[in-house]
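# What the coordinates show
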Amino acid sequence: MAPTETGTARHVRADGLDLRYHEAGSGPPLVLLHGSGPGVSGWANFGANLPALAARFRCLILDQPGFGDSARPAVYDRNYLRIAADAVLALLDALEVPRAHLLGNSMGGAVATLVALEHGDRVDRLVLMAPGGVGANVLGPEPSEGIRRLLDFLADPGPDRVRDWLRTMVSDPATLTEDLVRTRLAAATDPAAVAALRDAYATFADPALAERVPLWARLRGLRHEVLLLWGRDDRVTPPEGALLPSRQLPNADLRYFGRCGHWVQIERKAAFERAVLDFLTHGHG
């Protein structure tokens, strides 16, 4: 029987917050970190991939602070990436997991990179799927189309803005099934979810909370084996953004996926799962 959202849901008190995560499978631990966006949660990003990944790994899909069913901090007084990175470490501590693989999508990729850079002994291998802050968009407009649609939603939350944002996530609009859109609309327009997303993004725009050195400028110091996954038609983190990290990361491989936007794990589900399982099992070989 395939794992279910309710059947895998767990709660843990970590870093002073009640955090929800989903757990399934056995084997080496693998922490999966979702991206940002209206109505996002760990299950929304990775629930469909759990049967394949949990066959080989102890999967821990975290709702990052303020997202999904995880509590939000009382005050967003630090860059949100640091708030989220501390939550990852607190989860590992609470579950007595000394070391884990990290798989991060979009914002989750930025969080995974920060954890690996500053707590490298807690991280085994890294899968970064169109990670935020790690690439450098030197050709297209900034912010990207997908980020502009997300900011439009934050300025005026509503169903039409959610649909506009969703269309930028994928290469093939047929990927946006009625069930997916309905689920995202319900979660995205929840006032608490809107507030948490708005507050997290406010930390990215606040100069006082900016990182002294951006993630993309620190990549040479990351010695872990890394697999970079990128959709060729990504309109959120454009594909040319993969070129800098693929060169700067000393132990990275890059794979582009055709017929694919920002959600590699959804649009190219089977190929994504094969790539992740092969890399986490065998490394670069």
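What you see is a predicted model; the values in this text were computed from it and never measured. Residue positions within a chain follow its written sequence, with the count starting from 1. Only residues with pLDDT of at least 70 are given local features in this predicted model, and only at 80 or more are side-chain atom pairs given and counted; all residues enter the totals for whole chains, interfaces and linings. Note: side-chain values were computed over all heavy atoms of the structure, leaving out hydrogens and water.

## Looking at helix 7 (residues 159-167)
For each residue, the accessible area found with a 1.4 Å probe, counting protein chains only, is set against the maximum for its type, and the residue is called buried under 20%, exposed over 50%, and partly exposed in between. Numbering goes from the N terminus for both helices and strands, where a helix is a DSSP run of H or I of at least four residues and a strand is a run of E of at least two. Within helix 7 the residues assigned to the buried category are Val 162, Trp 165 and Leu 166. Mapping the buried residues of helix 7 onto a view down its axis gives an arc of 100°, with all of them on the same face. Contact partners of the buried residues in helix 7: helix 6 (145-155) and helix 8 (178-188). Here the arc refers to the set of directions running from the helix axis out to each C-beta atom. For this analysis, residues touch if any pair of their heavy atoms sits within 4.5 Å.

## Focus: the pattern of salt bridges
What counts as a salt bridge is simple: a side-chain nitrogen of Lys or Arg found within 4 Å of a carboxyl oxygen of Asp or Glu. Within this structure, the stated rule accounts for 17 salt bridges. Between Arg 58 and Glu 23 there is a salt bridge; the shortest N-O distance is 2.7 Å. Within this pair, whereas Arg 58 is found in strand 4 (residues 58-62), its partner Glu 23 is found in strand 2 (residues 17-24), the two being separated by 35 residues in sequence. Taking the relative accessible area as the measure of exposure, Glu 23 reaches 18% and is therefore buried. Asp 179 is paired through a salt bridge with Arg 182; the nearest N and O atoms lie 3.1 Å apart. On the criterion of helical spacing, the pair formed by Asp 179 and Arg 182 is a turn pair, its members being three residues apart in helix 8. One network of salt bridges, with partners in common, ties together Arg 82, Glu 118, Glu 211 and Arg 218.

## Remarks on the packing of aromatic side chains
Each Phe, Tyr or Trp ring (for Trp, its six-membered ring) is paired with any other whose centre lies within 6.5 Å, and the angle between the two planes then decides the class: stacked below 30 degrees, edge-to-face above 60, tilted in between. Inspection of every chain in the model, using the stated rule, returns four aromatic pairs. Aromatic ring contacts, followed pair by pair, group Phe 67, Tyr 76 and Tyr 80 into a single cluster.

## Brief notes about the side chain of His 22
Counting through the fold element by element, His 22 comes out in strand 2. Residue His 22 is classed as buried on the basis of its relative accessible area, which comes to 0%. A polar contact of 3.3 Å, which involves the side chain of His 22, links it to the backbone oxygen of Glu 5. A distance of 3.0 Å separates the side chain of His 22 from the side chain of Thr 8, its partner in a polar contact. Once residues lying within four places of it in the same chain are set aside, the contact partners of His 22 are Glu 5, Thr 8, Ala 9, Trp 43, Cys 59, Leu 60 and Ile 61. For this analysis, a polar contact is any N or O atom pair within 3.5 Å, provided that within protein one partner can donate a hydrogen and the other can accept it, and provided that sequence-adjacent residues contribute only side-chain to side-chain pairs.

## Thoughts on the side chain of His 101
As for its position among the elements, His 101 is in strand 5 (residues 100-105). Under the relative-accessibility criterion, His 101 is labelled buried at 4%. Excluding its chain neighbours within four sequence positions, the residues that come into contact with His 101 are Pro 28, Pro 29, Leu 30, Val 31, Phe 57, Asp 124, Arg 125 and Leu 280.

## Quick word on the packing of helix 6 against helix 9 (residues 191-205)
Interaxial angle, 0 to 180 degrees, is taken between N-to-C directions of lines fitted to C-alpha atoms, where a helix line uses only the stretch in contact. Close contact between helix 6 and helix 9 brings their axes to 10 Å; oriented N to C, the two are set at 125°. On the basis of the axis angle, helix 6 is oblique to helix 9. The two elements helix 6 and helix 9 meet at a crossing, and its hand is left-handed. Contacts between helix 6 and helix 9 involve Ile 147, Leu 150, Leu 151, Phe 153 and Leu 154 on the former and, on the latter, Val 194, Leu 197, Arg 198 and Tyr 201. Among the residues forming the contact of helix 6 with helix 9, the class breakdown is eight nonpolar, no polar and one charged. Any angle between 65 and 115 degrees counts as roughly perpendicular, while under 35 counts as roughly parallel, over 145 as roughly antiparallel, and the rest as oblique. In this scheme, a crossing is called left-handed if the near helix is turned counterclockwise away from the far one by less than a right angle; it is called right-handed if the turn is clockwise. The residue classification treats Ala, Val, Leu, Ile, Met, Phe, Trp, Tyr, Cys and Pro as nonpolar and Asp, Glu, Lys and Arg as charged. All others, Gly included, are polar.

## As for the sheet that holds strand 5
Across the sheet, eight strands lie side by side as 1-2-4-3-5-6-7-8; this open sheet has mixed pairing. The sheet is open, and its two borders are formed by strand 1 (9-14) and strand 8 (252-257), each paired with just one other strand. Here the strands of the sheet are splayed against their neighbours by 25° on average, with no regard to which way each runs. Pairing between two strands is assigned when DSSP locates at least 2 bridges connecting them. Strand direction decides the pairing type here: strand 3 (residues 29-33) and strand 5, joined by four bridges, are parallel. By the bridge assignment, Leu 32 is partnered in strand 5 with Leu 103. Running over the sheet, helix 4 (residues 80-94) touches strand 1, strand 2, strand 3, strand 4 and strand 5 and is turned about 100° from strand 1.

## Some words on the UniProt feature "domain: AB hydrolase-1" (unreviewed entry) in the chain
Mapped onto the present numbering, the UniProt feature "domain: AB hydrolase-1" (unreviewed entry) falls at residues 28-268. End-to-end, the C-alpha atoms of residues 28-268 are 24 Å apart, and along that stretch the chain is 39% helix and 15% strand. UniProt positions are given in the numbering used here, feature names are shortened, and annotations may be inferred rather than shown by experiment.

## Regarding the packing of helix 4 against helix 5 (residues 107-118)
Two measures define how a pair of helices packs: the angle their axes make with one another and the distance between the axes. The N-to-C vectors of helix 4 and helix 5 enclose an angle of 65°; their axes lie 9 Å apart at closest approach. Judged on the interaxial angle alone, helix 5 and helix 4 are roughly perpendicular. The two elements helix 4 and helix 5 meet at a crossing, and its hand is right-handed. Contacts between helix 4 and helix 5 pair Tyr 80, Leu 81, Arg 82, Ala 84, Ala 85, Val 88 and Leu 89 from the former with Met 107, Ala 110, Val 111, Leu 114, Val 115 and Glu 118 from the latter. Of the residues contributing to the contact of helix 4 with helix 5, the split by class is eleven nonpolar, no polar and two charged.

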